[in-house]
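Spelled out from the first residue to the last, the chains are:
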Amino acid sequence: MPKRCHISLQKVTKHYVRGQETVRVLQDVDFEIPPGDFIALTGPSGSGKTTLLNLIAGLDQPTEGRVVVDGVDISELDEAALARWRNGHVGFVFQFYHLVPVLTAFENVELPLLLLRIPRRVRKRQVAMVLELVGLGHRLRHRPGQLSGGEQQRVGIARAIVANPHLIVADEPTGDLDGTSADGILDLLQALHQRMGKTIIMVTHDPQAASRAQIAVRLDRGALIVDAPPALTTSADVPEWTGQR
Amino acid sequence: MIEFAVLILKNLTRNRMRTALTGLAVVVLVSVYGFVSSATKGISELVTTQASETRLVVTERWMAPSRFPMRYVDKIADLPEVDDWTTITFYPGYFDDSRRNWRRGTAIATRPDNLYAMFSDLQDLDPAAALALQEEKTGALIGPEILEMMNWKVGQRFRFVSRSVFGAEVPLTIVGVLPAGLWDRGLVFRSDYYKDVLGQHDTVNLMYIRVRDEQTGERLATLIESQFMRHQPEVRVETESSSVARFVGRNAAVLAIMNVVVVILLIDVLIVLANSISISAQERRSEMAVLKVIGFQPRQIMMLIVAEAVLVSATGSALGASLVYAVSELNQADLLPIRIGFLTMFPVAPTVIAQGVILGTLLGVAGSAVPAWNVRKIRVADVFSEVV
């Protein structure tokens, strides 16, 4: 049974101050994501995709408005509380993998579990199982430098899911990969969504990648526009929460 | 924190050269600290020996080493308030005719009949040894370190070879062992025998006088100094405690300089350590941000940085302190190619190892405080906006 994960962005505004200038990245964004959805966030560079992702994942705080996940207003949490919340609730997949180069694949995936007080034996079993799940059961003792880009991203995904979070956020997860590797990663994300019921929010520039999601949401000049992905052929397929049906 | 031990250890292997050089800086610091602290401790122990106000030391006023005529001794000894007296003549030489540097020492020729009364630091001397020196004119009391170094035993005969007069030597018989500590490398023999063998009757280096009380000492010191004021050479008379204090004062200046050097070195190593940790942390900003993303608390990330610094610093200091202690022990056991006189006089105590590790740990914490605080403040969103 998947964990619940209802995300609600309420009048979210994000401004950055750069010198004398205030950059308005998001303006009064209202957005609801029901549990178990796979959303693709698209839009031109600088449109605020990553900012929105960071707000949902609790990596940044909105200038105004609220980000509520399963009833918890994470925009009210302090830095330490947010770190604890992320450890238990969010798995993050990066474009450039961001693995620790001196650690093996196994040790990289083990990192989030070190923060949870679980027995060493259980931890080891869980890491091995997750690496097996992403198809790297035979690469446990390899360091990132000894793995291909696609394999490194699989390790990144394993690290994101090892603590069994209900939400996975992925920032351009295929942006640094060739076509074949990218397909493999998207297959994996789709499998996590379909078989494990994870809520996935993926930022991407790639229409092919976006087409794997249930819904593609386009950000344009700080506002959200919901697009029907190629896979959705009728308005009935568009989820009710989008308000586009 | 033990859960993160692998991460901490592996982080130190990223740039092995940098880690090794940083550790080496700490090794050097703690080694210097070990030597200086042993010297400081040794000197302060010298001050706390039973330097007395009722023993006076007569020396030549202006020259060093002191030397004045024997006729002064006769005149001073005849003064009514002198309870007891002795003379000291230094005789530098070698313990055998190999003339090797580490087999040299300075013998003291003195009266054998009043050692306990005149030498405050010979109170632990075995009475049988003191008596044997009185009974055997060729007798010598010898320091335990010399005995061990030369593999000698009580009863053994040897020739103490002059360092200044070629061919001159004093045949001696070991009749007892001097107390350990200040006398470790000492050699004491009879002044009357010294005069007989070497034919030197004219001068002595020092004269010790024992008086009834402190007031008598002050009065007598003034009297002796005034009596020899217009003589050539003039003499200085001071209490044993002020003589020791003067010796310590002279050395205190050297020690102060050494301490300043240690402090400068400490600051220097602190900067090296802080710089090394800063660079290392700066290089890993995005990794630190990732750790934050996956749930590491800011204080945990801070602790990772501090732990890395402490590990390098404490390991370096443990190595440095152990090295100093080992060198000192090897020196004491005469297993080094060159004997280090400084370490012989002020051997390094095993407590230096513990002190070194504590110093290293504190150094690690201090050196990593600023870099760790900066890492703590990393904003994840800022780091990834730089990366992309």
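Bear in mind the structure is a predicted one, so any value in this text is a computation, not a measurement.

(A) Representation of the overall build of chain A in the model. A tally of helices and strands in chain A yields 7 helices and 10 strands. Looking at chain A as a whole, 47% of its 245 residues qualify as buried. Considering only intrachain contacts with a sequence separation of at least 6, the fraction spanning at least 24 residues in chain A is 68%.

(B) The overall build of chain B, seen in detail. Counting its regular elements, chain B contains 14 helices and 11 strands. For chain B, the share of sequence-separated contacts (at least 6 apart) that also reach a separation of at least 24 residues comes to 81%.

(C) Broad picture of the sheet that holds strand β1 (residues 7-18) of chain A. Residue and element names in this part refer to chain A. Taken together, 4 strands build an open sheet; the order of strands is β2-β1-β4-β5 and the sheet is antiparallel. Strands with a single pairing partner mark the edges of an open sheet, and in this sheet they are β2 (21-33) and β5 (72-73). Both strand β4 (residues 64-69) and β5 contribute to a ladder of 2 bridges, which runs antiparallel. The residue bridging V69 from the neighbouring strand is V72, located in β5. Packing of helix α1 (residues 49-56) onto the sheet brings it into contact with β1, β2 and β4, and relative to β1 it is tilted by some 125°.

(D) Layout of the interface of chain A and chain B. Opposite the 22 residues of chain A that make contact, chain B presents 22 residues. Sorting the residues of the side of chain A that touches chain B by element identifies α2 (79-89) and α3 (105-114) of chain A as the ones contributing at least two each. In terms of residue count, the dominant contributor to the side of chain A that touches chain B is α2(A) (6 residues).

(E) Representation of helix α13 (residues 351-376) of chain B in the model. Along its 26 residues, α13(B) runs 36 Å from first to last C-alpha, staying within 8% of the 38 Å computed at 1.5 Å per residue. The largest bend in α13(B) amounts to roughly 45° and is located at B:A369, with the proline B:P371 lying one to four residues further along.

(F) Expanded view of the confidence of the model for chain B. Residues and elements named next belong to chain B. Mean pLDDT over chain B stands at 85; residues scoring 70 or higher make up 91%. For chain B, per-element mean pLDDT is lowest for helix α14 (residues 380-387), which scores 66, and highest for strand β5 (residues 139-142), which scores 96. For this predicted complex, the interface confidence reaches an ipTM of 0.84, while the overall pTM sits at 0.68.

(G) Just the environment of A:K14, in detail. Residue and element names in this part refer to chain A. The topology assignment puts K14 in strand β1. In this structure K14 comes out as buried when scored by C-beta crowding, with 23 C-beta atoms within 10 Å. Sequence separation of K14 and L26 is 12 residues, and the distance between their C-alpha atoms is 4.9 Å. Aside from chain neighbours lying at most four places away, what touches K14 is V25, L26, T51, L55, P62 and T63.

(H) Highlighting unusual backbone geometry. Cis geometry is found at the peptide bond from B:Q232 to B:P233, where omega equals 0°. Tracing the backbone through its elements, the reader meets B:P233 in the loop between α8 (214-227) and β11 (235-239). Even without a glycine there, the phi angle at A:D28 is positive, about 50°. By the element assignment, A:D28 lies in strand β2.

(I) Structural view of the environment of A:V134. You can see A:V134 is positioned in the loop between α4 (120-133) and α5 (149-161). When sequence neighbours within four positions are dropped, the list of residues in contact with A:V134 reads A:R154, A:I157, A:A158 and A:L188.

(J) Region of the structure containing the confidence of the model for chain A. Residue and element names in this part refer to chain A. On average, chain A scores 84 in pLDDT, and the residues at 70 or more come to 91%. Across chain A, the secondary-structure element scoring lowest on mean pLDDT is strand β10 (residues 223-227), at 72, and the one scoring highest is α3, at 93. Ignoring residues within four places in sequence, the model shows residues 241-245, a span with pLDDT below 50, making 9 contacts including any to other chains.

(K) Highlighting helix α6 (residues 179-196) of chain A. Residues and elements named next belong to chain A. Taking 1.5 Å per residue, 18 residues should reach 26 Å; α6 reaches 25 Å between its end C-alpha atoms and fits that length. Within α6, the full set of buried residues consists of A182, I185, L186, L188, L189, L192 and H193. The buried residues of α6 occupy one face: seen down the axis, they fall within an arc of 150°. Turned more than 90 degrees off the buried face of α6, the exposed positions are G179, T180, D187, Q194 and R195. The secondary structure elements touched by the buried residues of α6 are β3 (38-42), α5, β7 (167-171), β8 (199-203) and α7 (207-210).

(L) Representation of the nonpolar core. Counting residues in hydrophobic clusters, the biggest one holds 120 residues, and the most contacted among them are A:L41, A:A158 and A:V169. Among the elements that make up this core, the one with the highest residue count is helix α11 (residues 298-332) of chain B (15 residues). Setting aside chain neighbours within four positions, we find A:A158 in contact with A:V109, A:V130, A:L131, A:V134 and A:L136. Residues B:V57, B:A107, B:L115 and B:M149 belong to the second largest nonpolar core, which totals 50 residues.

Rules and cut-offs
- Residues numbered from 1 in each chain as written.
- Chains lettered and ligands numbered in written order.
- Predicted model: local features only at pLDDT ≥ 70, side-chain atom pairs only at ≥ 80, totals over all residues.
- Helix = DSSP H or I, 4+ residues; strand = E, 2+ residues; numbered from the N terminus.
- Buried ≥ 20, exposed ≤ 12 C-beta atoms within 10 Å, placed from the backbone.
- Contact = placed C-beta atoms within 7 Å.
- Pairing = 2+ DSSP bridges.
- Axes fitted to C-alpha atoms, helices over the stretch in contact; angles between N-to-C directions.
- Expected span 1.5 Å × (residues − 1).
- Bend = angle between axes of the 7 residues up to and from the residue.
- pLDDT = per-residue confidence, 0-100.
- Arc of directions from axis to C-beta.
- Core = buried A, V, L, I, M, F, W, Y, C linked by C-beta atoms within 7 Å.

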